[in-house]
Amino acid sequence: TMKPLVSVVIPTYNRENFVAEAVASVLAQSYVDFELIVVDDGSDDATVALLAERFDDTRLTVVSQPNLGVSAARNTGAKLARGEWFAFLDSDDTWLENKLEVQLTETLARPDTPVSYTEEIWYRRGVRVNPKNVHAKHTGWIFDNCLPLCIISPSSVMIRREEYLMAGGFDEALPACEDYELWLKLSARYPVHLVETQLIVKRNGHEGQLSQEHWGLDRFRIQALWKSVYDRELSDELRRKALEWIAKKGAVVALGARKRGALSRAEVFEHSVREATSWLERL
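(A) Quick look at the overall build of the protein chain. Across its full length, the protein chain holds 11 helices and nine strands. A compact globule built from 283 residues would reach a C-alpha radius of gyration of about 19 Å, and the protein chain, at 19 Å, matches this within 12%. When the backbone C-alpha atoms are referred to their principal axes, the protein chain occupies close to 60 × 40 × 35 Å. Looking at the protein chain as a whole, 53% of its 283 residues are labelled buried. Partitioning the intrachain contacts of the protein chain with sequence separation of at least 6 by distance along the chain shows that 80% fall at a separation of at least 24. For the protein chain, the accessible surface area stands at approximately 13500 Å², while carbon and sulfur atoms represent 51% of it. Measuring between centres, the 35 positive side-chain charges of the protein chain sit 6 Å from its 42 negative side-chain charges.

If you want it as structure tokens, here you go:
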């Protein structure tokens, strides 16, 4: 069997109410040279049975693993993937039918840019909403823009196999903000192209999302930022910017912890702020 140019990976966990729509949106793409790998991350609902019943397409492969988290599921899909390009789709999101065609055309036209992402359509609890200014997307060398929060949706990204594997994939030790960590690593090394067309539909506000399961996502972003600081390939200029955001975010998380009476947690992040400040003084 000839290798497809694109491998699409959908991680899923107990998403029987959403995953079929995600899969259908991939199989309906106008661009057809792809394989689709759905990684069921230990669901205990009818996800696997539903996919077997609904879809009969040779491009679709469904694999199951114990519940190891979304990062492990994405990485499992990448290990099985045969394509030169990887695209990811969260199982509660969907693609417009020309997503792959438009994105791949723009991406292949830029051989020095191994990562691209797209504009998005947002729905929250079934109602269409507009992103705020802080969510504005950028193109080119966007490391600075990736520091405040995650502006790249996994559902919109396309990454060349070589660069994904060199970056080590998604960090399986992070329970959340694992995508933020990977985008920092990639955007520090390569320009990132923005496809200025809304090609995915993101659905937020429902149960089971990591952003709702974990309080204070900035505490995970701080972990990711420290990983970036210790990245030997990072320039001192970018390292300084990462440290500045550690100090900012650490102060906010520490203050919130103190207000809730979580003194030991506050001390951890206050120490993080002191360490970041010390680094900045030495740079």
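(B) Expanded view of unusual backbone geometry. A positive phi angle is found at Asn14, which is not glycine, with a value near 50°. Within the element layout of this structure, Asn14 appears in the loop between strand E1 (6–12) and helix H1 (19–27). Looking at Asn14, the relative accessible area reads 29%, which means it is partly exposed. A positive phi is found at Arg125, a non-glycine position, where the angle reads about 50°. By secondary structure assignment, the location of Arg125 is in the loop between strand E6 (115–124) and strand E7 (127–129). With a relative accessible area of 63%, Arg125 lands in the exposed category.

(C) Structural context of the packing of aromatic side chains. Per the stated rule, a full pass over the model turns up eight aromatic pairs. Arranged with centres 5.9 Å apart and planes meeting at 80°, the rings of Phe170 and Trp183 form a pair that is edge-to-face. Here Phe170, found in the loop between helix H6 (161–167) and helix H7 (178–187), pairs with Trp183, found in helix H7; they are 13 residues apart in sequence, far enough to count as distant. As far as burial versus exposure is concerned, Phe170 and Trp183 are alike and both buried. A centroid spacing of 6.4 Å and a plane angle of 70° characterise the contact between Trp226 and Trp279, whose relative ring orientation is edge-to-face.

(D) Structural detail: the environment of Val32. Relative to the helices and strands, Val32 is located in the loop between H1 and strand E2 (34–41). Put simply, Val32 and Glu101 are 69 residues apart on the chain and 8.7 Å apart in space, counted from C-alpha to C-alpha.

(E) Spotlight on the pattern of salt bridges. Enumeration over the complete set of coordinates arrives at 20 salt bridges. We note a salt bridge from Glu35 to Arg82, for which the minimum N-O separation is 3.2 Å. Of the two residues, Glu35 sits in strand E2 while Arg82 sits in the loop between helix H3 (70–80) and strand E4 (85–88), which places them 47 residues apart along the sequence. Arg82 gets classed as partly exposed once you look at its relative accessible area, which sits at 33%. The residue Lys185 makes a salt bridge to Glu181 at a minimum N-O spacing of 3.3 Å. Residue Lys185 and its partner Glu181 are both found in helix H7; the two are separated by four residues, about one turn of the helix.

(F) The packing of helix H9 (residues 218–229) against helix H11 (residues 263–282), seen in detail. Where H9 meets H11, the axes come as close as 12 Å, and the angle between the chain directions of the two elements is 30°. Here H9 is positioned roughly parallel relative to H11, judged by the angle of their axes. In this structure, H9 crosses over H11, and the sense of that crossing is left-handed. In this structure, H9 contributes Arg219, Ile222, Trp226 and Val229 to the contact, and H11 contributes Phe269, Ser272, Glu275, Ala276 and Trp279.

(G) Spatial organisation of the packing of H7 against H9. In contact at an axis separation of 9 Å, H7 and H9 are set at 25° when each is read in the N-to-C sense. Compared by their axis directions, H7 and H9 come out roughly parallel. Crossing of H7 against H9: the hand is right-handed. Each of Tyr180, Glu181, Leu184 and Lys185 in H7 lies in contact with H9, whose residues at this interface are Arg221, Ala224, Leu225 and Lys227. A per-class count over the contact of H7 with H9 returns four nonpolar, no polar and four charged.

(H) Region of interest: the side chain of Lys137. Relative to the helices and strands, Lys137 resides in the loop between E7 and helix H5 (143–146). According to the relative accessible area criterion, Lys137 is buried, its value standing at 15%. Here the side chain of Lys137 touches Glu120 through a polar contact of 3.3 Å, side chain to side chain. Residues contacting Lys137, with those up to four places away along its chain left out, are Tyr117, Thr118, Glu119, Glu120, Ile151 and Leu194.

Parameters and conventions
Residues numbered from 1 in each chain as written. Predicted model: local features only at pLDDT ≥ 70, side-chain atom pairs only at ≥ 80, totals over all residues. Heavy atoms only, no water. Helix = DSSP H or I, 4+ residues; strand = E, 2+ residues; numbered from the N terminus. Rg over C-alpha atoms; globule rule 2.2 N^0.38 Å. Buried < 20%, exposed > 50% of the residue type's maximum accessible area, 1.4 Å probe, protein only. Contact = heavy atoms within 4.5 Å. Areas by Shrake-Rupley, 256 points an atom, 1.4 Å probe, with all protein chains shown as cover. Lys, Arg positive; Asp, Glu negative; His and termini not counted. Charge placed at Lys NZ, Arg CZ, Asp CG, Glu CD. Phe/Tyr/Trp six-rings, centres within 6.5 Å; stacked < 30°, edge-to-face > 60°. Salt bridge = Lys/Arg side-chain N within 4 Å of Asp/Glu carboxyl O. Axes fitted to C-alpha atoms, helices over the stretch in contact; angles between N-to-C directions. Parallel < 35°, antiparallel > 145°, perpendicular 65-115°, else oblique. Left-handed = near helix turned anticlockwise from the far one by under 90°. Nonpolar A, V, L, I, M, F, W, Y, C, P; charged D, E, K, R; others polar. Polar contact = N/O pair within 3.5 Å; in protein donor to acceptor, adjacent residues only side chain to side chain.

These values are about where atoms sit, not about what they do.
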